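Residues per chain, in single letters:
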Amino acid sequence: MTTTSRPLLSRRSTNLAIWCLLALAAGALIVAVVLPLHRLTVPGGSVPVTLTPDVDQTFDVPGLPRGASVIPADGVTTLDVFSLPAGLRLLTVAPTVLGALAVAAAGWWLAGVLRTVSAGRPFDARNPARLRGVAAAVLAGGVVAPVVGNVASTAVLAHLDLTGPDGPFTLVLLELSLAPLLFTLVVLAAAEAFRRGAALADDADGLV
Amino acid sequence: MRAAARAADTEERPHRVRCHLEDLLETRGMTLTDLADRVGVSVVNLSVLKNDRARAVRFSTLTAICDVLDCQPGDVFSVTSGT
């Protein structure tokens, strides 16, 4: 088989990318394990919240119980609570853990795909499944994790009895972002292309 | 899984084509590596062909082999009897 163009990535660059992805996956996995363990050692937690429009922008939020405070940061308002039950504390870190697990899984599978590309077998039979896994990870981290975050926020607000119609917070359960959905579709399309490529490669196997 | 699929394919469409490359190389005093260099096909692929593990041959490869070995396709391949 002859190739008519130079590869986009050299072997060294590909190997570097593989190691970076594996390091990212390892780091994300450590975060996913350590974060909930750490959260169990501290008494409180924090969740993102949305203030109702009539709340003063100085964040002097009415009705907050003792030990709870509202903190603005980078366009996201966070409710910080000094003391929460263990289950709720774990729920507050669930979105981050889910996101970290998604990053770890996606990094691992992408490294697997790059490894086969580097070895000259881009249409390895395992790559379509790996790419479908990456798509699922993007969906989990980009769509499901924010929903879990909103569930956590609602649960904490309910625990603090701040979910009434006159409360200072707006309850949000479902907040869909287009970018992760589009990226999932792109990765699924790539997975299908790799599946058909694997079939073509299998047809050409043994062709001299 | 690929080997099993290949085996299944062979079972469905068996072939009785045999390659006589080894005999041709021996009579011409040529090694497989020499042939690979002159034909422009990898030694690995020519080895696959020589050992009857190829599933298909490009006409360009067959033409190059016949040019180098000064022979005809019928000298390179034959179909064994089905009995």
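Bear in mind the structure is a predicted one, so any value in this text is a computation, not a measurement.

Student: Teacher, can you tell me more about the interface of chain B and chain A here?
Tutor: Chain B puts 13 residues into the contact, and the matching count from chain A is eight residues. For the pair chain B and chain A, the summed buried surface comes to about 990 Å²; carbon and sulfur atoms form 47% of the total. For the pair chain B and chain A, the number of links is zero salt bridges. Where chain B packs against chain A, one counts seven residue pairs in polar contact (both at pLDDT 80 or more). Elements with a contribution of two residues or more to the side of chain B that touches chain A: α1 (2-12) and α4 (43-50) of chain B. No other element matches the three residues that α4 of chain B contributes to the side of chain B that touches chain A. Each residue belonging to the side of chain B that touches chain A can be placed in one class, and the counts come to seven nonpolar, two polar and four charged.

Student: What's the story with the packing of helix α1 (residues 11-41) of chain A against helix α2 (residues 86-118) of chain A in this structure? I'm lost.
Tutor: Any two packed helices are characterised by the angle at which their axes cross and by the distance between the axes. Residue and element names in this part refer to chain A. At a minimum axis distance of 8 Å, the contact between α1 and α2 shows a crossing angle of 165°. Classified by the angle between their axes, α1 and α2 sit roughly antiparallel to one another. Regarding α1 and α2, the two cross each other, and that crossing is left-handed. In terms of residue class, the contact of α1 with α2 is made up of 25 nonpolar, seven polar and four charged.

Conventions we followed
Residues numbered from 1 in each chain as written. Chains lettered and ligands numbered in written order. Predicted model: local features only at pLDDT ≥ 70, side-chain atom pairs only at ≥ 80, totals over all residues. Heavy atoms only, no water. Contact = heavy atoms within 4.5 Å. Buried area = accessible area lost by both parts, 1.4 Å probe. Salt bridge = Lys/Arg side-chain N within 4 Å of Asp/Glu carboxyl O. Polar contact = N/O pair within 3.5 Å; in protein donor to acceptor, adjacent residues only side chain to side chain. Helix = DSSP H or I, 4+ residues; strand = E, 2+ residues; numbered from the N terminus. Nonpolar A, V, L, I, M, F, W, Y, C, P; charged D, E, K, R; others polar. Axes fitted to C-alpha atoms, helices over the stretch in contact; angles between N-to-C directions. Parallel < 35°, antiparallel > 145°, perpendicular 65-115°, else oblique. Left-handed = near helix turned anticlockwise from the far one by under 90°.

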